[in-house]
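Each chain, written out:
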Amino acid sequence: MKKNEFDIIVIGAGSGGLSVGLFMNQAGFKVLMVSKSDLDIGGDCLNDGCVPSKALIHVAKIIKQARDATQFGLEVNGKADIEKVIDYIQAKQTLIRTHESAEWLREQGITVALGNASFTGKNKIKVDSQLYSAKRIVIATGSKPRKLKVEGIEKVKYYDNESIFHLGNLPEKILCIGGGPIGIEIAQALSRLGSQVTIVNHGEEILEHDDPAVTFILLQQLQKEGIRFSLASKVERFTSATEAVITSKSGKTKTMKFDAVFVAIGRELSLESLDLDKANIDFDKKHIIKDSYLRTTNKNVLVCGDVAGDLQFSHAAEFHARIILNNLFSPLKKKLDNKHMSWVTFTDPELATFGLSEAKLEEKNIAYRRLEKDFAADDRAVVDDYSYGKLVLFVSQSGFLKKQRLLGGTMVAPNAGELIQELVLANSSNISIKAIFNKIYPYPVASRINQGLITDLMSEGLTPIAKAFLRKAYQFFS
């Protein structure tokens, strides 16, 4: 094999690209990984997404807990030092970057090319002026935040997830546009640090892809913290650097003062520089055309992560990578199927969802039972002060010798993302709900709520006939 010929080329070194490249290298294949720069390795997750946002959320939570401690007699003075907050975020990124950098990848035996990649043929790319070829090429170039296009936007101090983690000072008043996971997470963190936050969202609810029964609870908790909401509304225009005109769907208009704007209205792909047409890859303005095996119209080129036009999560990109790796080596090809996907919005409380939603179940004509349980009577929720929580589960219909299984569900509670993990496992492995019913939970772990809801369902089996049978059995066997 010639110097610039490889078994596989991976364009993009985010969650998906790294997963593919590292495995192929460990398996003994010659791998080229391409990244725009050394600091782009790690992708959006390390540089502008998961890692810095969770570090920010962690700090903001500590500050909130310190303020809450005053109810027990402690005195808390001063305000958050945003420079120290940003230093903390960057220190954690630097720590993770020690194993997500060009130097580290090269130490593992991977060839790394830094620069802009573009196709020159079906199996060939160019990085700046250097040419490379491979049997397979994976595009894992991620996405970027969609820009707000509103009259007067050029006047305002504008942040998105690529710039918010480089704040020089904390805005006294910040207008957050977008009620999705990124918008809600960052808004709460900034509010806890000391900003007065208003969220404007085009939808009538926040987190439109989650169940309204739990998103409403989260909305109430955010409002209790002082976050203001303008739902079913949009920013019509900016009249100055510190004033916006907000219009509701009902036609009402109001003005709003602010010091800065944070925009989280979705993400978009940047495909033009790849010269996809030179590789016979079909695409439109928003997507690369792919099949259910993540192959483009050029079967030698696959897509992974955000660029695949699927769910835009780091763990979705890792899931794509596992599909791609399976299909590179196995005659039993796997298709992309998100029926066991899960996600978490890392607010406080967290909102965690897994499996099929109610809308999907109805769309697919799958028979199910919807179960709900409030946390008001859960002992751990009572002592830890989150009795507002709620768990919703969708289970398959029961039948003679037919095991009931989890089809999906959602929870709002502190650490909900951790509490649902056993439910995710049961869902993805088709485990009977009796496994949760029979599990012995140490008292009073928070995850007992999962068993509590299943127990509620099982207790429905105590019909008059069942009770009469038990009385006879008691008399006969005891």
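Refer to the structure above for everything that follows.
In this text the structure is predicted, and so the values were computed from the model without any measurement.

What counts, and where the lines are drawn
- Residues numbered from 1 in each chain as written.
- Predicted model: local features only at pLDDT ≥ 70, side-chain atom pairs only at ≥ 80, totals over all residues.
- Heavy atoms only, no water.
- Phe/Tyr/Trp six-rings, centres within 6.5 Å; stacked < 30°, edge-to-face > 60°.
- Helix = DSSP H or I, 4+ residues; strand = E, 2+ residues; numbered from the N terminus.
- Buried < 20%, exposed > 50% of the residue type's maximum accessible area, 1.4 Å probe, protein only.
- Lys NZ or Arg CZ within 6 Å of the ring centre and 35° of its normal.
- Core = buried A, V, L, I, M, F, W, Y, C linked by side-chain atoms within 4.5 Å.
- Contact = heavy atoms within 4.5 Å.
- Polar contact = N/O pair within 3.5 Å; in protein donor to acceptor, adjacent residues only side chain to side chain.
- Axes fitted to C-alpha atoms, helices over the stretch in contact; angles between N-to-C directions.
- Parallel < 35°, antiparallel > 145°, perpendicular 65-115°, else oblique.
- Left-handed = near helix turned anticlockwise from the far one by under 90°.
- Nonpolar A, V, L, I, M, F, W, Y, C, P; charged D, E, K, R; others polar.
- Patch = residues over 30% accessible without salt bridge, like charges linked within 9 Å, V, L, I, M, F, W, Y side chains within 5 Å.
- Areas by Shrake-Rupley, 256 points an atom, 1.4 Å probe, with all protein chains shown as cover.
- Salt bridge = Lys/Arg side-chain N within 4 Å of Asp/Glu carboxyl O.
- Pairing = 2+ DSSP bridges.
- Expected span 1.5 Å × (residues − 1).
- Arc of directions from axis to C-beta.

(A) Spotlight on the packing of aromatic side chains. Evaluation of the coordinates by the stated rule reveals eight aromatic pairs. Aromatic pair F29 and F329: ring centres 5.6 Å apart, planes at 50°, arrangement tilted. One end of the pair, F29, is in the loop between α1 (15-26) and β2 (31-35); the other, F329, is in helix α8 (residues 314-329), and 300 residues separate them in sequence. The class for F329 is partly exposed, based on a relative accessible area of 44%. Here the aromatic cluster, defined as three or more aromatic residues joined through ring pairs, consists of F23, F29 and F329. A cation over a ring is seen here: K30 above F6, with NZ or CZ 4.8 Å from the ring centre.

(B) Focus on the nonpolar core. In this structure, I9, F119, I125 and I139 are the most contacted members of the largest nonpolar core, which totals 48 residues. Apart from the residues lying within four places of it in its own chain, the contact partners of I9 are L32, V34, I125, Y132, S133, A134, R136, I137 and V138.

(C) How the structure looks around the environment of S163. Note that S163 resides in the loop between β8 (158-159) and β9 (173-177). In this structure, the C-alpha to C-alpha distance between S163 and T345, residues 182 residues apart in sequence, is 20 Å. In terms of polar contacts, S163 uses its side chain to reach the backbone amide nitrogen of D160, at 3.0 Å.

(D) How the structure looks around the side chain of S143. Assignment of secondary structure puts S143 in the loop between β6 (130-139) and β7 (144-145). Polar contacts involving the side chain of S143 include one to the side chain of R267, which spans 2.7 Å. Within the structure, the side chain of S143 is placed 2.6 Å from the side chain of D306, a separation counted as a polar contact. With residues up to four places along the chain from it excluded, the contact list for S143 reads R267, E268, L269, D306 and Q312.

(E) Expanded view of the packing of helix α3 (residues 50-68) against helix α4 (residues 82-97). Put simply, α3 and α4 touch, their axes get as near as 9 Å, and they point 135° apart. As summarised for this structure, α3 and α4 are arranged oblique, according to the angle between their axes. As α3 packs across α4, the resulting crossing turns out to be right-handed. On α4, the residues that touch V51, P52, A55, L56, H58 and V59 of α3 are V85, Y88, I89, Q93 and I96. Residues of the contact of α3 with α4, tallied by class, amount to nine nonpolar, two polar and no charged.

(F) Expanded view of a nonpolar patch on the surface. Residues L462, F469 and L470 make up a contiguous nonpolar surface patch of roughly 330 Å² in combined accessible area. Structurally, the position occupied by F469 is in helix α15 (residues 464-477).

(G) Inspection of the pattern of salt bridges at higher detail. Scanning the model with the defined rule gives 21 salt bridges in all. The partner of K360 in a salt bridge is E363, and the shortest N-O contact between them spans 3.7 Å. Here K360 pairs with E363, and both are found in helix α9 (residues 358-363), just three residues apart, close to one helical turn. According to the relative accessible area criterion, E363 is exposed, its value standing at 60%. Residues joined by salt bridges that share partners form a network here, namely D211, E358, R370, E372, D374 and K390.

(H) Examining the sheet that holds strand β19 (residues 350-355) more closely. On the basis of which strands lie adjacent, the open sheet formed by five strands has the order β18-β19-β22-β21-β20 and antiparallel pairing. Both outer strands of the open sheet, β18 (342-345) and β20 (368-374), are each paired with one neighbouring strand and no more. Adjacent strand axes in the sheet meet at a mean angle of 10°, parallel and antiparallel pairs treated alike. Both β19 and strand β22 (residues 406-413) contribute to a ladder of six bridges, which runs antiparallel. Of the residues in β22, the one forming a bridge with T353 is T410. Against the sheet, helix α12 (residues 421-428) engages β18, β19, β21 (390-396) and β22, with an angle of about 170° to β22.

(I) How the structure looks around the pairing of β2. Most of β2 is tucked away: five of the five residues are buried. The two faces of β2 match: V31, M33 and S35 on one face and L32 and V34 on the other face are all buried. Of the pairings in the sheet, the one linking strand β1 (residues 5-11) to β2 comprises four bridges and is parallel in character. Looking at the pairing, I8 lines up with V31 of β2.

(J) α4, seen in detail. Over its 16 residues, α4 extends 22 Å from the first C-alpha to the last, a length consistent with the 22 Å expected when each residue adds 1.5 Å. Buried within α4 we find I82, V85, I86, I89, Q93 and R97. Taken around the axis of α4, the buried residues stretch over an arc of 115°, which confines them to a single face. Turned more than 90 degrees from where α4 packs its buried face, E83, K84 and L95 sit exposed.

(K) How the structure looks around the environment of L361. Residue position: L361 is located in helix α9. Sequence-wise, L361 and L407 are 46 residues apart; in three dimensions their C-alpha atoms are separated by 8.4 Å. Among all residues touching L361, those that are not within four sequence positions of it are L356, I366, Y368, F394 and L407.

(L) Examining the side chain of S248 more closely. Mapped onto the elements of the fold, S248 is located in strand β13 (residues 243-248). For S248, a relative accessible area of 18% translates into the label buried. A distance of 2.8 Å separates polar atoms of two side chains, one belonging to S248 and the other to S250. Among all residues touching S248, those that are not within four sequence positions of it are A232 and S233.

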